[in-house]
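Here is how the chains run, residue by residue.
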Amino acid sequence: MMDSSRSAQRAVIKFLRAEGEHASQIYRRMKEVYGGQCLARFTIFRWCQRYEAGHVNIKDSPRPGRDGNWIRQQPRSFYTEAIHSFPTLWDQCISVNSDCL
């Protein structure tokens, strides 16, 4: 099975661009191979521009905000307290708004 991750597809874009392929041709070829898992046309064009400008990394740049692992790093008590608070929050929602939907 082919790796259709974003970083794998970016590597393909980088390779084909280095060989002189135009962005529209790269998109067409990738669409044939990846089908519905293919990056969007705009995304492929944007990555072609980045590589032409000298961008060398195919990985995502760090983004501001919490690390995606934050939730998995919480202690068990974090989840226990949250689960036990749901009935109270639900009751408050019903009594204040008469409907939560």
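In this report, the structure presented in the accompanying data block is examined. (Residues numbered from 1 in each chain as written. Predicted model: local features only at pLDDT ≥ 70, side-chain atom pairs only at ≥ 80, totals over all residues. Heavy atoms only, no water.)

Some points on helix α3 (residues 41–52)
Note the threshold: Each helix is a run of H or I in the DSSP string that is no shorter than four residues. Each strand is a run of E no shorter than two, and both are numbered from the N terminus. What a helix is expected to span follows from its residue count: subtract one and scale by 1.5 Å. Working definition: with a 1.4 Å probe on protein chains only, accessible area under 20% of the residue-type maximum means buried, over 50% means exposed, and in between means partly exposed. Working definition: the arc comes from the directions between the helix axis and the C-beta atoms, pointing outward to the latter.
The end-to-end C-alpha distance of α3, which contains 12 residues, comes to 17 Å, matching closely the 16 Å that a straight helix rising 1.5 Å per residue would cover. All buried positions along α3 are accounted for by Thr43, Ile44, Trp47, Cys48 and Tyr51. Buried residues of α3, viewed axially, fall in a sector of 140 degrees; they line one side. Residues of α3 that are exposed and point more than 90 degrees away from the buried face comprise Phe42, Gln49 and Glu52.

Regarding the packing of helix α2 (residues 23–34) against α3
When two helices pack together, their arrangement is given by the angle between the helix axes and the distance between those axes. Test applied: Throughout, an axis means a line fitted to C-alpha atoms (over the contacting stretch in the case of helices), and angles, computed between N-to-C directions, take values from 0 to 180 degrees. Roughly parallel covers angles under 35 degrees, roughly antiparallel covers those over 145, roughly perpendicular covers 65 to 115, and oblique covers all other angles. With the far helix as reference, a near helix turned anticlockwise by less than a right angle produces a left-handed crossing, and one turned clockwise produces a right-handed crossing. Whether two residues touch is decided by their heavy atoms; if any such pair falls within 4.5 Å, the residues are in contact. Each residue gets one of three labels, nonpolar for Ala, Val, Leu, Ile, Met, Phe, Trp, Tyr, Cys and Pro, charged for Asp, Glu, Lys and Arg, and polar for the others, Gly among them.
The N-to-C vectors of α2 and α3 enclose an angle of 130 degrees; their axes lie 9 Å apart at closest approach. Taken together, α2 and α3 sit at an angle that is classed as oblique. Crossing handedness for the pair α2 and α3: right-handed. Residues Ala23, Ser24, Ile26, Tyr27 and Met30 of α2 pack against Arg41, Ile44, Phe45 and Cys48 of α3. Broken down by class, the residue content of the contact of α2 with α3 amounts to 7 nonpolar, 1 polar and 1 charged.

Structural notes on the pattern of salt bridges
Defined as follows: Salt bridge, as used here, is a side-chain nitrogen of Lys or Arg placed within 4 Å of a carboxyl oxygen of Asp or Glu.
A complete count under the given rule lists 3 salt bridges for this structure. Across the salt bridge formed by arginine 17 and glutamate 52, the nearest N and O atoms sit 2.6 Å from each other. With arginine 17 in helix α1 (residues 6–18) and glutamate 52 in helix α3, this pair connects stretches of sequence that are 35 residues apart. We classify glutamate 52 as exposed; its relative accessible area is 52%. The salt bridge partner of glutamate 32 is arginine 28, with a shortest N-O separation of 2.4 Å. Within this pair, glutamate 32 and its partner arginine 28 are both found in helix α2, separated by 4 residues, close to a single helical turn. On the accessibility criterion, glutamate 32 (57% relative accessible area) is exposed. Judged by relative accessible area, arginine 28 falls into the partly exposed class, the value being 40%.

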